[in-house]
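# Inside the fold
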Amino acid sequence: METAGFELDSIYYVLLFFAALFGGFIDTIVGGGGLITIPALLASGVPAHLALATGKLQTIFGLFTASFAYYKSVSIQHLGFGVLCSFIGGALGTYAVLLVSDKHLKLVILACLVLVFAYMVLKPSLGRQKSEPKIHNIKLFHFIVGLTLGFYDGFLGAGPGSFWVFAFVLLLGFDMKNASINMKILNLSSSLAALILFVWLYEMLWFLGVLMGVGQIIGAFLGSKLVLKTNGRFIKALFLVVVGATICKVGYDYFCSL
């Protein structure tokens, strides 16, 4: 089957559907679903920028499903300004990735991920329950973190949800469960901005993106039900696994490009 001038064997559609299902499940809980879907697209032979564009299309389905499942559990007023900041950051990051190489940014991201992983391991009680926030001005939090992580999502997109969870836990004192719920709506905003920019300035594999999107919906539905029906204690362990996988993936990409 051929789309956007690119030919893909039929078997890859089946494999990528299940990769999207699993990615949507993981992404709904702690973020990082792109660590599954983007490498799967690349391994199928999809060119890098086309993989990023198609990846944004399919992930929107999962993010929307999770956000819809979670929206009654969060304050929309609390997230309104954050949605705007995340959207702007996502648009700027996507525009930038179409212009520049991400080589040096990957080194910065790798260092940040290692610090996040180490901090969470050395602070075993962090995220088990709500704690005193370090930033009391919620708009300041969303302005700084929303623009930064929105840009990161649009530019590189390697597990932005994991950074969102860590920011909510460390800076606002959220527990892991509520951090996971809140980050999905903000992640949806930056990903939607990225998708709009890719549609406007680039191209994508529409059929494949929609097919993977169906897998994302199924995975996101299962993941959101699991989060809402449990006390969330498993989320931190899964968070560390995903961050550890992100470190390996980003580190491998960076050092192989040297």
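These remarks concern the structure in this document. None of these values were measured; they are calculated from a predicted model. (Residues numbered from 1 in each chain as written. Predicted model: local features only at pLDDT ≥ 70, side-chain atom pairs only at ≥ 80, totals over all residues. Heavy atoms only, no water.)

## A look at the overall build of the chain
Counting its regular elements, the chain contains ten helices and two strands. Reading the chain from its N end, one meets helices and strands in the order β-β-α-α-α-α-α-α-α-α-α-α. Counting every position in the chain, which comprises 258 residues, the buried fraction comes to 53%. Considering only intrachain contacts with a sequence separation of at least 6, the fraction spanning at least 24 residues in the chain is 85%. Summed over its atoms, the accessible surface of the chain is roughly 11800 Å², and 71% of this surface lies on carbon and sulfur atoms. (Helix = DSSP H or I, 4+ residues; strand = E, 2+ residues; numbered from the N terminus. Buried < 20%, exposed > 50% of the residue type's maximum accessible area, 1.4 Å probe, protein only. Contact = heavy atoms within 4.5 Å. Areas by Shrake-Rupley, 256 points an atom, 1.4 Å probe, with all protein chains shown as cover.)

## Some words on the side chain of Thr-59
Within the secondary structure, Thr-59 is located in helix 3 (residues 48-70). For Thr-59, a relative accessible area of 14% corresponds to the buried category.

## With respect to the packing of helix 7 (residues 160-172) against helix 8 (residues 176-201)
Packing of helix 7 against helix 8 leaves a shortest axis separation of 8 Å and a crossing angle of 130 degrees. Classified by the interaxial angle, the pair formed by helix 7 and helix 8 is oblique. For the element pair helix 7 and helix 8, the recorded crossing hand is right-handed. Taking contact as the criterion, the partners of Pro-160, Gly-161, Trp-164, Val-165, Phe-168 and Val-169 in helix 7 are, on helix 8, Met-176, Ala-179, Ser-180, Asn-182, Met-183, Leu-186 and Asn-187. (Axes fitted to C-alpha atoms, helices over the stretch in contact; angles between N-to-C directions. Parallel < 35°, antiparallel > 145°, perpendicular 65-115°, else oblique. Left-handed = near helix turned anticlockwise from the far one by under 90°.)

## Some remarks on helix 1 (residues 10-30)
Over its 21 residues, helix 1 extends 31 Å from the first C-alpha to the last, a length consistent with the 30 Å expected when each residue adds 1.5 Å. Every buried residue belonging to helix 1 is among Tyr-13, Leu-16, Phe-17, Ala-19, Ala-20, Gly-23, Gly-24, Ile-26, Asp-27, Thr-28, Ile-29 and Val-30, and all of these are buried. Among the residues trailing helix 1, Gly-31 stands out with phi positive, at a value near 80 degrees. (Expected span 1.5 Å × (residues − 1).)

## A few points about the pattern of salt bridges
In this structure the tally under the stated criterion is two salt bridges. Residue Lys-184 pairs with Asp-27 through a salt bridge whose shortest N-O separation is 2.7 Å. Of the two residues, Lys-184 sits in helix 8 while Asp-27 sits in helix 1, which places them 157 residues apart along the sequence. Comparing Lys-184 with Asp-27, the two get one shared label, buried. Where Lys-56 meets Asp-153, a salt bridge forms, and the shortest distance between an N and an O atom there is 2.6 Å. Placement of the pair is Lys-56 in helix 3 and Asp-153 in helix 6 (residues 138-155), with a sequence separation of 97 residues. Among the residues examined, Asp-153 registers a relative accessible area of 3% and is labelled buried. (Salt bridge = Lys/Arg side-chain N within 4 Å of Asp/Glu carboxyl O.)

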